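# Structural description and commentary
Listed below are the residues making up each chain.
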Amino acid sequence: MKDHSEKARAGRSAVVASDAERNAVIARLNQACGEGLLSLREFSERVEDAQVVRTRAELDELIDDLPAQGDAPEIRTQWHVAAMGGLRRHGRWHMDRHLVSLAVIGGTNLDLREADIAAPEVTLTKISLLGGVSVCVPRGVRVVLERRGLLGALALGLLGSANGADGDECGQGDSDVPTVRVRAFSLLGGVTVQEPPLRHSA
């Protein structure tokens, strides 16, 4: 029995992975990210690897440490309310499905590279008279921008064109990737979305 199992694993390690198998692994990684099991950076790095590995065994290694698929996470809304003062989050932190930031004056600065998210699609709603939004996401994450204001530009950074428009999407458009929806409502304040350089760049 042991010899048979070892031969089976050896045989699988030599089989070239198909596109369908790659897509299935990426879909599982997306779900795991939405369950808070992987940070957005971890998701991005594993998807990057899934796109370049050759065999089924190498694909298996990308999801071997994930538990069986569980129930959908609880839907909650996080609130940040302040008359003056911005919202800043970085490092390892948890973002619920909907994060709402209310302020008269104050910007919002979120670094999502190490964030755990509560669902495959999460939403940031920023409402203020004065204050912009700056978001940093790892590669492979889809971002949808919605902005309503009198003054202030949309800037997509490395994700897209230098001057975006309301409803712009940037990053990967595939449905099997995490989505961050940014909704900004302000009298004065722009929206900037950036991503870091390629992981393997010099």
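- The name recorded for the protein in an unreviewed UniProt entry is DUF1707 domain-containing protein, from Actinomadura rudentiformis.

### Some remarks on helix α3 (residues 40–50)
- Every buried residue of α3 is accounted for by L40, F43, S44, R46, V47, E48 and A50.
- Packing partners of the buried residues in α3 comprise α2 (19–34), α4 (56–61) and β6 (116–117).

### A look at the nonpolar core
- Among the nonpolar cores identified, the biggest contains 37 residues, and M95, L112, L124, V135 and V182 are the most heavily contacted of them.
- Of all the elements in the fold, those that place two or more residues in this core are α2, α3, β7 (121–130), β8 (133–136), β9 (142–148), β12 (179–188) and β13 (191–194).
- It is α2 that provides the largest number of residues to this core, a total of five residues.
- Counting only domains with at least three residues in this core, you end up with domain 1 (16–62) and domain 2 (77–153 + 177–194).

### Quick notes on the pattern of salt bridges
- Scanning the entire structure with this criterion turns up 10 salt bridges.
- Note that R56 and E21 form a salt bridge whose closest N and O atoms lie 2.8 Å from each other. Taken together, the positions of R56 in helix α4 and E21 in helix α2 put the pair 35 residues apart, joining distant regions of the chain.
- R92 is the salt-bridge partner of E42, the closest N and O atoms lying 3.6 Å from each other. Taken together, the positions of E42 in helix α3 and R92 in the loop between β2 (87–89) and β3 (94–95) put the pair 50 residues apart, joining distant regions of the chain.
- Classification of E42 as partly exposed rests on a relative accessible area of 26%.
- By relative accessible area, R92 is classed as partly exposed at 48%.
- Several salt bridges share partner residues, and in doing so they unite E121, E146, R181 and R183 into one network.

Calculation notes
Residues numbered from 1 in each chain as written. Predicted model: local features only at pLDDT ≥ 70, side-chain atom pairs only at ≥ 80, totals over all residues. Heavy atoms only, no water. Buried < 20%, exposed > 50% of the residue type's maximum accessible area, 1.4 Å probe, protein only. Helix = DSSP H or I, 4+ residues; strand = E, 2+ residues; numbered from the N terminus. Contact = heavy atoms within 4.5 Å. Core = buried A, V, L, I, M, F, W, Y, C linked by side-chain atoms within 4.5 Å. Domains from an automatic or database assignment. Salt bridge = Lys/Arg side-chain N within 4 Å of Asp/Glu carboxyl O.

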